[in-house]
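Listed below, chain by chain, are the residues.
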Amino acid sequence: MRNPFATTVSDGLWTEAPRHSGFFRRYVLGQPLGALGFALIVAGFAVSLLAPFIAPYDPLVTDYGNAIAAPSLSHWLGTDSFGRDLFSRILYGGRTAFLIGVSASFVGCTIGLFVGIASAYIRGWIEMIIERFLEILLAIPTTVLALVLVSSLGRNLVYGIDLNLILAIALPIIPKMARVARSQALTIRSQSYIDAAVTLGFSDLRIIFRHMAPNITGPYLVLLTAFISQAILIEASLSYLGLGVTEPTPSWGLMLAGNAFNTAMTAPWIVIFPGVAIAVVVFAFSMFGDALRDALDPKARADR
Amino acid sequence: MIRYLRNRLLLAIPTLLGVATLIFFMLNVLPGDTVETMLRAEGGSPSVELVAAERARLGLDRPLLVQYGDFLTGLVTLDLGHSHWTGKPVIEEVMLRLPITLEVAVLSMIVAIAVAVPLGTIAGLYQGSSIDYAIRIFAIGGIALPSFWFGMIIALVMLWSFNWLPPLGSPSLMKDPFRLLQQLILPAIAVGYRYSAILIRMMRSSVIDALHEDYVRTARAKGLRVARIVWRHVVPNSLLPTITMIGLEFALLIGSLVVIEQVFSLNGIGRLFIEAVSRSDFMVIQGIVIVLTVIFIAVNLLVDLAYAAIDPRIELG
Amino acid sequence: MYNERSGMMDMGEVMEQIPAKTGASDDAPAPLLSVRNLNVQFRANDSLVHIVRDVSFEVRAGEILALVGESGCGKSVSSLAVMRLLSDPKTTRFTGEARLLGKDYFALPEEDMRRLRGRDIAMIFQEPMTSLNPLLTIGRQIAEPMFEHLRLTASQAQARAIDLLTKVGITDPERRLTQYPHELSGGMRQRVMIAIALACNPKVIIADEPTTALDVTIQAQILDLLQSLVREMNVGLVLITHNLALVARYADRVSVMYAGKIVESGTTRQVLETPHHRYTEGLLAAVPRLDVPRQARLQSIPGQPPSPRNFPQGCAFHPRCPVASEACHSQPELSATDKGQRYACFHPAMTWQVAALASPAPVPADDRVVRSPVLQVRGLAKDFHLKRGGTVRAIQGIDLDVPEGGTLGLVGESGCGKTTVARTLLHLQAASAGTATFRGSNILSASKSELLKLRQKIQVVYQDPFTSLNPRHRIGQTLAEPLLVHGLCADKRAARARVEELLDLVGLPRDITERYPHQMSGGQRQRVGIARALGMKPELIICDEPVSALDVSIQAQIMNLFADLRTKLGLSYLFIAHDLAVVRHISDIVAVMYLGRVMEIGTRAELFERPRHPYTRALLAAVPSLGDENRKSQAHAVVKGDLPSPLNPPAGCVFHTRCPIATGACRSAIPPAIALSQTHRVACIKAECP
């Protein structure tokens, strides 16, 4: 393998600077995966929103005569064991995924942000209590904690959306976000511009909201996207286990549950397409989050 | 060293107590009633008196704090109560199923670390090259693919290509390790893939950071060979944050295990947990969460010890 | 010549193999290292930076060549290029020739170059904290190049390592071999780096700012060590630094760099006493000096050093040059005097005097000093309680007086507690004991509402201009916010007008309000920090190392600004710094701190002309000065040993472990402050001895 440290003298120097990179060059060509992720997210949102107009069939309508049909012109992705059109169910499943994923992540991250910042700024015994509490929550695996909450909260359907499920997924996210927010806040707190704000006589609230918070928005946004993908995965796992979204609401995880594995031995499309859908969406959010993190990283800023 | 272990164990106790308390109150204070669910499952709608009688029999009508006290005393004697559903002691049920879960967990970790460390190092050393991209795509796959789905797919692929399915039964580690390995290798790969993806990314970014550090520049200035610079200077320093990550993400591993046991019909704690959740068997749920927390604390302790073994700046005790 | 089987090469052997060279001076021996036409380019997404332009220099055996310049001039990059340590061919390119003992090693393939590195040419870096691998023992790290280049056995390597450690002045070398870097102090780590560099008997050593991160007293030890090693082992040393005084004391020859080019070179005496290039002249005038009478104003160079992204056309210095003309828009050639001094200037300075000698400052009346002080600190103390038990007594028994309309300078090395003094006075931390009386009231026990009023009267300017401004706020917002919060301005319009006033006061253009901190230079950021402090109309400003992070030419500008503002606005300063010359320039009263206590305090004249405390004397002796060129042969009392840990300070007088005149009595009791005059107090039992 070539030597990663090798340096050799060059024959000549460069004669001209690279063209000044505009938005396209820097953000699309420079971060191709991130741009792809972003495009997929936008497409996914659009498709889910327009599902009622795009889906060729009603996802809930059964057609036993046509059960477990292979992909064909009339059913692009085939049908499941109830004869329901897979393509439509995947489109509607996207709605579930986006809805639950985005709201759970948003609720969890925002609460976590405030808890984290507060615990870094307010010294004393409140800080210690919050720290202990976060530690306890972090000791329990995310999926397990979500399951415990699901079991104890039960279901609470509001306009067809299970609010308790969203809460059950949001809660394990709170301590994770709080931990990162806290460590970021502690770093910022030790910067001299915070000291300067204190010596200028600003109130605590002003310092937290106008001086510390803007410097945390970067990591917050990055983690928000990262947790959206995690929330979608948790929802899929819970639905697969039969403890998340329940029939007949379409959900990608639910489409993999129960007898699907055995059926898939002879009709693989039942299992392949929902999984691919999950993978694509999770991939999109992860890549976009990565690119966002790289773009916001102050070390990468070239204008100094 | 002994003092350090003792201190850590002492510190673990409040955490454990905290978890136990939190779970207890989460399950008992929030709405949802296990007795009603149980009786419904047996058929028909139970009358209010029947439910009350059943509750009294199980001791659920006592004041909450008394129940809590009982629970705590039970913990100390390792008595996690009895399942409301089956009546059997929780600790027995758990111990029966613990070995297989642990075996899968360990196997997954071994797979993950064995894959992640070399791949992450290579990706970091040759940042920007095509092999770096290939490894990164590999890692992305591990993060994007749901592990339970991946498990299904590889099982299906094995079935179609080699007509092979993991053997059933409960081979023991001591007497029949090869058969056990066959049974566990697919779930271990499914879970390990995701775990390794996270570790690859961590290792890669640590290696990239290390390459910019001053001590690597010093090593180059000394005229050392590449191999020595990588093995002696880059990798050990990059391992440190990766080791920490192993501990932190172990919780993720357990979460994935819970689901994977369902896919491969393994008779482990995960499966027991799912059953308990679906029938609201609170005693079992509590007990399993506590056991999982103990495992988590133990793993983190091991991770910290490993960290201290490599990093001389950490003082034990 | 590069046969590894020969192991350690004998210097005599080597010298015989050098072909006779004809150079500028025929009687000088051939250079060990000769760099010609070095060019380095960095390429980023949207910029091409030609950071090193046609640089040439050479080093002979037993000689120290100093490469001097301010930040951004390309001196560090040059050294890395010479070692071929630049990485990433995609973004870096370099051309030129570099000959070691006559052979051009730039042309060698990487594997052969690797065998040269660490063996024939070695490098010492700036930050000893991070330049050693924290996970390996010292012994291992010293032995590595020996195993690689000299093929020694383990026991041979260990024996040689012990020799090397002893040679660099580390006590108890056997024990050190098994220790890890974090167990050693900064000075010791740098000594280890020197030992590593010497491990294979190199011909040339490059030292990139080796003492910048170290305290003054340690700096003197390390540089004295390097100098003696160079003489003894007959190696060539390239010393990269920004400190002209160091050059005066230690270097034989010097090359001055500006904007990627060498603008002047010659022997140290030539360049420092008769500089020809206007930049060198300006630099020499801008450095505050301890060896000449104090100047009223420092002569600063206007503007700031150019960013490598856009070096000016032609002579890069012409935008800042007092005698620039049309001709300066084209590239000046390197001319030489008959004595070998080279310079690249169309209008060189032919006569130059130390400006101060021409116009010494009038001695100000000392009444400023004895007026009632604006801030009176008595018995200030601060203890820190560590999590795992134990207390750090950061400061104890501090007595200070800041004169009204004047400046108290607080000076000391790292860990002496001067920053803690500032933080406690500013109420960023609670003091453990003591009082601080400001206009009659004790600020340390102020209530919340009193504190708010006090915060307006006592303001602060920080050291690091970058982190003291919120990176997400524009300058206009940063300056206007305190005005609006405290009601000093009624509305946004009034605030904007006041902000413009403040910017005028500190000499910044008004349109800077739209910029973010990362778009400005260090000097500009510091001016913003000062403007922010002034906005509150304070009476006392605590300056915590405000110029330490700035280049010499900028430092002079800011120092002048401080002095002007003090006169114009009637301010008083508590000025904290570690550079004695800077402190002397601006202070009326000076206090010297060590390990949390005040060792000596007195007027400027008393402290600098008649220091009584052995620590003050040692500090003054350790600080190199531009005039040292003439006093090179004089020995100076160097403080031995390292700074004790603040967790475990020495009993009695905290300085006694390193004091050249300590006796048994010094260990038994903390010496009280003996007053030698109304303003001069010394905490030493020997204060009154001659």
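Keep in mind that what you see is a predicted model, and the values were worked out from it rather than measured.

**Student:** So what exactly am I meant to see when it comes to the overall build of chain C here?
**Tutor:** Across its full length, chain C holds 23 helices and 24 strands. For chain C, whose C-alpha radius of gyration is 27 Å, the value lies close to the compact-globule estimate of 26 Å for 690 residues. C-alpha atoms of chain C, sized along the principal axes, occupy 80 × 70 × 50 Å. Buried residues in chain C amount to 50% of all 690 residues. When contacts within chain C are restricted to residue pairs at least 6 apart in sequence, long-range pairs at least 24 apart make up 68% of them.

**Student:** Can you walk me through the overall build of chain A in this structure?
**Tutor:** For chain A, the helix and strand inventory stands at twelve helices and two strands. For chain A, the spread of C-alpha atoms along the three principal axes comes to 75 × 65 × 40 Å. Taking all 304 residues of chain A together, 46% fall into the buried category. Here the analysis covers contacts within chain A between residues at least 6 apart in sequence; of these, 69% occur between residues at least 24 apart.

**Student:** Sorry, what's going on with helix H8 (residues 177-211) of chain B here?
**Tutor:** An α-helix turns once every 3.6 residues. As a result, residues three or four positions apart point the same way. Residue and element names in this part refer to chain B. Along its 35 residues, H8 runs just 42 Å from first to last C-alpha, ending more than 12% under the 51 Å computed at 1.5 Å per residue. Taking the largest bend as the criterion, H8 deviates by roughly 40°, centred on Leu184, and proline Pro187 comes between one and four positions later. The element H8 is largely enclosed, with a buried count of 25 among its 35 residues.

**Student:** Just checking my understanding: could you explain the sheet that holds strand E7 (residues 204-208) of chain C for this structure?
**Tutor:** Across a sheet, paired strands are connected by hydrogen bonds in the backbone, their directions being either parallel or antiparallel. Residues and elements named next belong to chain C. Strand order in the open sheet made by the eight strands is E6-E7-E8-E3-E9-E10-E12-E11, with mixed pairing throughout. Only two strands of the sheet have a single partner each, and these edge strands are strand E6 (121-124) and strand E11 (335-336). Relative to strand E9 (residues 253-258), strand E3 (residues 64-68) is paired through four bridges, and the arrangement is parallel. Each residue of the ladder has a partner; that of Val68, found in E9, is Val256.

**Student:** Would you mind going over the packing of helix H4 (residues 86-121) of chain A against helix H7 (residues 163-189) of chain A with me for this structure?
**Tutor:** How two helices pack is summed up by the angle between their axes together with the distance between the axes. Residues and elements named next belong to chain A. It is at 5 Å that the axes of H4 and H7 come closest, and there the two elements cross at 35°. Relative to H7, H4 is oriented so that their crossing is right-handed. Class assignment for the residues of the contact of H4 with H7 results in 24 nonpolar, six polar and four charged.

**Student:** Honestly, the interface of chain B and chain A in this entry has me stumped. Any pointers?
**Tutor:** A common way to report how large an interface is uses the accessible area buried once the components associate. Opposite the 44 residues of chain B that make contact, chain A presents 38 residues. Looking at which element gives the most residues to the side of chain B that touches chain A, the answer is helix H10 (residues 226-263) of chain B, with nine residues. Per-class residue counts for the side of chain B that touches chain A are 35 nonpolar, eight polar and one charged.

**Student:** Help me understand the interface of chain A and chain C, please; the structure alone is not making it clear to me.
**Tutor:** At the interface, 33 residues of chain A touch 37 residues of chain C. Elements with a minimum of two residues in the side of chain A that touches chain C: helix H8 (192-199) and helix H9 (204-240) of chain A. The class makeup of the residues in the side of chain A that touches chain C is 14 nonpolar, 13 polar and six charged.

**Student:** In this structure, what is going on with the domain arrangement of chain C? I would like to understand it.
**Tutor:** All names here are of chain C. Entries for chain C in the domain assignment read domain 1 (134-196), domain 2 (278-358) and domain 3 (368-682). Just the C-alpha atoms count here: the centres of domain 2 and domain 3 sit 31 Å apart. Of the residues that constitute the side of domain 2 that touches domain 3, the class distribution is nine nonpolar, four polar and four charged.

**Student:** Would you explain the pairing of strand E10 (residues 261-267) of chain C in this entry?
**Tutor:** Residue and element names in this part refer to chain C. Within E10, six of the seven residues are buried, which leaves it mostly tucked inside the rest of the structure. Between E9 and E10, which pair antiparallel one after the other, the connecting turn spans two residues, and Ala259 there sits at a positive phi close to 50°. Across two bridges, the pairing between E10 and strand E12 (residues 342-343) is antiparallel. By the bridge assignment, Glu264 is partnered in E12 with Tyr343.

**Student:** Before we go on, may I ask you to explain the sheet that holds strand E19 (residues 540-544) of chain C in this structure?
**Tutor:** Residues and elements named next belong to chain C. Strand order in this open sheet of eight strands is E18-E19-E20-E15-E21-E22-E24-E23, and the pairing throughout is mixed. At either end of the open sheet lies a strand with only one pairing partner, and these are strand E18 (458-461) and strand E23 (674-675). Both strand E21 (residues 589-594) and strand E22 (residues 597-603) contribute to a ladder of six bridges, which runs antiparallel. In the sheet register, Tyr594 faces E22, and the bridge partner there is Arg597. The strands touched by helix H18 (residues 522-535) are E18 and E19; relative to E18, the strand with the most contacts, the crossing angle is about 175°.

**Student:** It is not clear to me how the environment of Glu16(A) should be interpreted in this structure. Could you clarify?
**Tutor:** The residue Glu16(A) is located in the segment before helix H1 (23-29) in this model. In sequence terms Glu16(A) and Arg293(A) are 277 residues apart; their C-alpha atoms lie 30 Å from each other.

**Student:** Hey, could you run me through the pairing of strand E4 (residues 92-100) of chain C in this one?
**Tutor:** When a strand is regular, its side chains alternate between the sheet's two faces. Residues and elements named next belong to chain C. Alignment of strand E1 (residues 33-43) against E4, held across eight bridges, turns out to be antiparallel. Residue pairing in the sheet places Arg36 in a bridge with Glu97 of E4. Two elements, E4 and strand E5 (residues 103-104), share two bridges in a ladder whose sense is antiparallel. Bridging from a neighbouring strand, Leu100 pairs with Lys103 of E5. Counting the residues between successive antiparallel strands, the hairpin from E4 to E5 contains two residues, one of them, Leu101, with a positive phi of roughly 55°.

**Student:** I would appreciate a short explanation of the packing of helix H2 (residues 32-49) of chain A against H4(A) in the present structure.
**Tutor:** All names here are of chain A. The contact between H2 and H4 brings their axes to 8 Å, and the two run at 115°. For the element pair H2 / H4, the angle class is roughly perpendicular. When you trace H2 past H4, the crossing you get is left-handed. Contact residues: H2 offers Gly44, Phe45, Val47 and Ser48, while H4 offers Leu91, Gly94, Arg95 and Phe98. Along the lines of polarity and charge, the residues of the contact of H2 with H4 split into four nonpolar, three polar and one charged.

**Student:** How should I be thinking about H2(A) in this particular structure?
**Tutor:** Residues and elements named next belong to chain A. Taking 1.5 Å as the rise per residue, H2 with 18 residues should run 26 Å; its terminal C-alpha atoms sit 26 Å apart, in good agreement. Gly34, Gly37 and Phe38 are the residues of H2 that are buried. In a view along the axis of H2, the buried residues occupy a sector of 100°, so they form one face of it. What points out from H2, more than 90 degrees from its buried face, is the exposed set Pro32, Ala43 and Ala46. In this structure, the buried side of H2 is in contact with helix H12 (269-296).

What counts, and at which threshold
- The residue numbers shown here count from 1 along each chain, following its written sequence.
- Chain letters start at A and ligand numbers start at 1, both assigned in the order the entries are written.
- Owing to the predicted nature of the model, reporting of local features is limited to residues with pLDDT of at least 70; listing and counting of side-chain atom pairs is limited to 80 or more, with chain, interface and lining totals taken over all residues.
- Strands here are runs of E lasting at least two residues and helices are runs of H or I lasting at least four, both read from the DSSP assignment and numbered beginning at the N terminus.
- Values of the radius of gyration come from C-alpha atoms, whereas the globule rule sets the reference at 2.2 Å times the count of residues to the power 0.38.
- Every C-beta atom is placed from the backbone, and the number of other C-beta atoms within 10 Å of a residue's own sets its class: buried at 20 or more, exposed at 12 or fewer, partly exposed in between.
- In this description, a residue-residue contact is defined by the distance between C-beta atoms placed from the backbone, which must lie within 7 Å.
- Helix span is expected to be 1.5 Å times the residue number reduced by one.
- Fitting one axis to the seven residues ending at a residue and another to the seven starting there, the bend at that residue is the angle between the two axes.
- Between any two strands, pairing holds if DSSP finds at least two bridges.
- Here an axis means a line fitted to C-alpha atoms, over the contact stretch when the element is a helix, while the angle between two N-to-C directions is reported on a 0 to 180 degree scale.
- Each crossing gets its hand from how the near helix is turned against the far one by less than a right angle, where anticlockwise is left-handed and clockwise is right-handed.
- The nonpolar class holds Ala, Val, Leu, Ile, Met, Phe, Trp, Tyr, Cys and Pro. Asp, Glu, Lys and Arg form the charged class, and all remaining residues, Gly among them, are polar.
- Where each domain starts and ends follows an automatic or database-derived domain assignment.
- Oblique is the label for every angle not falling under 35 degrees (roughly parallel), over 145 degrees (roughly antiparallel), or within 65 to 115 degrees (roughly perpendicular).
- This arc is taken over the directions from the axis of the helix to the C-beta atoms.

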